[in-house]
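# Chain and residue survey
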Amino acid sequence: MPMAVTSRVISVSKRLLIAETTKIHYGEYMPSILGEKLMEYFGLNLKHDGYTQYNPHIDPSTLQSVAVAALRMGHSQIFSQFNVLNKNPHNYHQQSYSFLLRNKFFEMSDIWLGNSQGVLRGLIEGQSENSVDPFIVTDVKDFLFFNPRTTTNGKMVITQPSVIDLSAININRGREHGVAGYIYYLEYCTGVAIKSWSDLTQFISDSRIQRLKSVYNDVGDIDLFVGGLSENKAFGSILGPTFACLNGIQFHHWKYGDRFYFEHGHEAGSFNSKQLNNIRQTSSLANLMCKTNDFDSVQVNPQFFPSEHNPKVPCHALAEIDYELWRETSHSYQDYKKKK
Ligand code: HEM
């Protein structure tokens, strides 16, 4: 294949893969974080047909408050224990087992043994939900990047392991980046000015306020990461109002401020309507998991347990992208070259 054709294939494939993952982010992940009302409020829902429009006045940069705090809400969802469910539990070499995250930093043997699918199956079949709250598993507080094995002159030696605390890093990163305190963002998002600890009671439970009081002298000192995680959930979201608002704004910016967002029409590289509808109909986390693993079936929404409302579907029943829709004739390739 000539070089120019190869690079065209690569760029088209890349655009398609980005569209598939973006469809999963906006179509499945964000609704599970923000809930229906806020998806609607921030204009994040996917369209069933037709195009969305790029807005050149929206800056798609990542907000500092989101990078150092609001989107790090996922750190409170990290599990300590992972179950590995291999396909054939009767086969001695493929027994199911579990491991602790703290023992797996830099320890790749499960992946090398080909058990990554077992980890994934363990996550979608039986892992209980871990809510967003001010509690973070000890594996990333007292054991993050725990590595008892280091090398000296090429030899493996056991040294005093150094560990890092992820929550402390998050708090420190916010301060280091000059991000304002939690109550500044709370007011920005809700319009409620917080002048005293008692003003906080409409957003944070009394018991959590007491804990905050024990470490902060002033309500204005609460770090964004800590305050955001402490809030009561709001508007059907798994987040409180401040983190839901900051993430909602961010995903709105990433969608409408990005000329290459996959649903936008009339931009360089926009999909034609058949291609776009095909992506909408076929791309899903379930489909991606089926395509990349040897699963026989997967629940419709793998983020949630299989249930009556989230039934398992056989992988072969999930339609594949119709790559024919992307076929370019040598004629269309010549047109493309001329345009360049
Ligand atoms: C085992 C799971 C995870 C570990 C060990 C982990 C660890 C880390 C570390 C070490 C950093 C860099 C911190 C710094 O130096 O400031 C980081 C950044 C970050 N993490 Fe995680 N993380 C995990 C899961 C998640 C999840 C589930 C989310 C969100 C859903 C998330 C969101 C972020 C964000 C937004 C940043 C900042 C990225 C940036 O600004 O470049 N992380 N994480």
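Going along each chain's sequence as written, the residues are numbered from 1 onward. Residue-level local features of this predicted model are given only where pLDDT is at least 70; pairs of side-chain atoms are given and counted only at 80 or more, and the full residue set underlies all totals for whole chains, interfaces and linings. To obtain the side-chain values, all non-hydrogen atoms of the structure were included, while hydrogens and water were left out.

## As for the packing of aromatic side chains
Put simply, two rings from Phe, Tyr or Trp (the six-membered ring, in Trp's case) pair if the centres are within 6.5 Å, and we call them stacked under 30 degrees between planes, edge-to-face over 60, tilted for the rest. The tally for this structure, following the rule as stated, stands at 11 aromatic pairs. When the ring of Phe 271 is compared with that of Trp 326, the centres are 6.0 Å apart and the planes differ by 75°; the resulting orientation is edge-to-face. Pair noted here: Phe 271 is in the loop between α10 (241-256) and α11 (273-282) and Trp 326 is in the loop between β6 (312-314) and α13 (330-339), with a separation of 55 residues, a long-range link. Only protein chains enter the calculation, and the probe is 1.4 Å; a residue is then buried if its accessible area is under 20% of its type maximum, exposed if over 50%, and partly exposed in between. Under the relative-accessibility criterion, Phe 271 is labelled buried at 4%. Since its relative accessible area comes to 12%, Trp 326 is described here as buried. An aromatic cluster is defined as three or more aromatic residues linked by ring pairs; in this entry it consists of Tyr 26, Phe 251, Trp 254, Tyr 261 and Phe 262. Lysine and arginine charges are scored as sitting over a ring when NZ or CZ, respectively, is within 6 Å of the ring centre and within 35 degrees of the ring normal. Taking the ring centre of Phe 271 as reference, the NZ or CZ of Arg 15 above it sits at 4.8 Å. The side chain of Lys 104 reaches across the aromatic face of Phe 99, ending 5.1 Å from its centre. Helix and strand assignments follow DSSP, with helices taken as H or I runs no shorter than four residues and strands as E runs no shorter than two, numbered in order from the N terminus.

## A word on a nonpolar patch on the surface
What goes into a patch is any residue over 30% in relative accessible area without a salt bridge, connected to like charges within 9 Å or, for nonpolar side chains (Val, Leu, Ile, Met, Phe, Trp, Tyr), within 5 Å. For the accessible areas, the method is Shrake-Rupley and the probe is 1.4 Å, while residue cover comes only from the protein chains on display. Each reported salt bridge corresponds to a side-chain nitrogen of Lys or Arg within 4 Å of a carboxyl oxygen of Asp or Glu. A contiguous nonpolar patch, built from Phe 106, Phe 145 and Ile 164 and spanning about 290 Å² of accessible area, is present on the exposed surface. You can see Phe 106 is positioned in the loop between β2 (97-100) and α3 (109-112). Judged by relative accessible area, Phe 106 falls into the exposed class, the value being 53%.

## A closer look at the site of the ligand
Taken together, Tyr 29, Ala 67, Leu 71, Arg 72, Gly 74, His 75, Ile 78, Leu 144, Phe 145, Leu 166, Ile 169 and Arg 173 form the complete shell of residues around the ligand. Residues adjacent in sequence count toward polar contacts only when both atoms are side-chain atoms; beyond that, a polar contact is any pair of N or O atoms within 3.5 Å, and within protein one must be able to donate a hydrogen and the other to accept it. Taking Arg 72, its side chain carries an N or O atom lying 2.9 Å from an oxygen atom of the ligand. A distance of 2.9 Å separates a nitrogen atom of the ligand from a polar side-chain atom of His 75. Sort the elements by how many residues they give to the shell around the ligand and helix α6 (residues 166-176) lands first, with three residues. Counted by class, the shell around the ligand contains eight nonpolar, two polar and two charged residues. Residues are counted as near a molecule or strand when any one of their heavy atoms sits within 4 Å of it. Note on residue categories: nonpolar means Ala, Val, Leu, Ile, Met, Phe, Trp, Tyr, Cys or Pro, charged means Asp, Glu, Lys or Arg, and polar means any other residue, Gly included.

## Considerations on the UniProt feature "binding site: heme b" (unreviewed entry) in the protein
UniProt positions are given in the numbering used here, feature names are shortened, and annotations may be inferred rather than shown by experiment. The UniProt feature table records "binding site: heme b" (unreviewed entry) at His 75. Looking at the secondary structure, you find His 75 in the loop between α2 (64-68) and β1 (81-84). By the convention used here, residues are in contact when the closest approach between their heavy atoms is within 4.5 Å. For His 75, the contacting residues outside a window of four places in its chain are Ile 136, Leu 166 and Asn 170.

## Some thoughts on the packing of helix α7 (residues 182-190) against α10
Here an angle of 0 to 180 degrees is reported between the N-to-C directions of two axes, which are lines fitted to C-alpha atoms, with helices fitted over the stretch in contact. Running from amino to carboxyl end, α7 crosses α10 at an angle of 70°, the nearest separation of the two axes being 9 Å. One way to sum up the angle between α7 and α10 is to call them roughly perpendicular. When you trace α7 past α10, the crossing you get is left-handed. Along the contact surface, α7 presents Tyr 182, Tyr 185, Leu 186, Tyr 188, Cys 189 and Thr 190, while α10 presents Pro 241, Thr 242, Cys 245, Leu 246 and Ile 249. The class makeup of the residues in the contact of α7 with α10 is nine nonpolar, two polar and no charged. For classification purposes, an angle smaller than 35 degrees is called roughly parallel, one larger than 145 roughly antiparallel, one from 65 to 115 roughly perpendicular, and anything else oblique. Note: crossing handedness is left-handed where the near helix turns anticlockwise from the far helix by less than a right angle, and right-handed where it turns clockwise.

## Some remarks on the state of the cysteines
Cysteine sulfur atoms are paired as a disulfide whenever they come within 2.5 Å of each other. Tallying each qualifying case throughout the model produces two disulfides. A sulfur-sulfur distance of 2.0 Å marks the disulfide that ties Cys 290 to Cys 315. Judged by the sign of its S-S torsion, about -70°, the cystine formed by Cys 290 and Cys 315 is left-handed. You can see Cys 290 sitting in helix α12 (residues 285-292) and its partner Cys 315 sitting in the loop between β6 and α13, a full 25 residues away along the chain. Each of the two residues, Cys 290 as well as Cys 315, counts as buried. Disulfide connectivity for the protein, with bonded cysteines indexed by sequence position, reads 1-2, 3-4.

## Some remarks on the side chain of Ser 76
Here Ser 76 is to be found in the loop between α2 and β1. For Ser 76, a relative accessible area of 1% puts it in the buried group. Polar side-chain contacts of Ser 76 include one of 3.1 Å to the backbone nitrogen of Asp 133.

## Section: the domain arrangement of the protein
Split into domains, the protein comes out as domain 1 (3-63 + 252-339), domain 2 (75-158) and domain 3 (179-251). Each partner contributes residues to the interface: domain 1 has 18 residues there, and domain 3 has 12 residues. For any pair of parts, buried area is found by adding up, for both, the accessible area (1.4 Å probe) each one loses once the two are put together. Both faces considered, domain 1 and domain 3 share a buried interface measuring about 1,300 Å² in area, 69% of it formed by carbon and sulfur atoms. For the domain 1 face of the interface with domain 3, the top three residues by lost area are Ile 33, Phe 42 and Trp 254, together amounting to 34%. The interface formed by domain 1 and domain 3 includes zero salt bridges. Taken together, the connections running from domain 1 to domain 3 amount to 13 residue pairs in polar contact (both at pLDDT 80 or more). Broken down by secondary-structure element, the contributors of at least two residues to the side of domain 1 that touches domain 3 are α1 (3-41) and α10. What marks off one domain from the next here is an automatic or database domain assignment.

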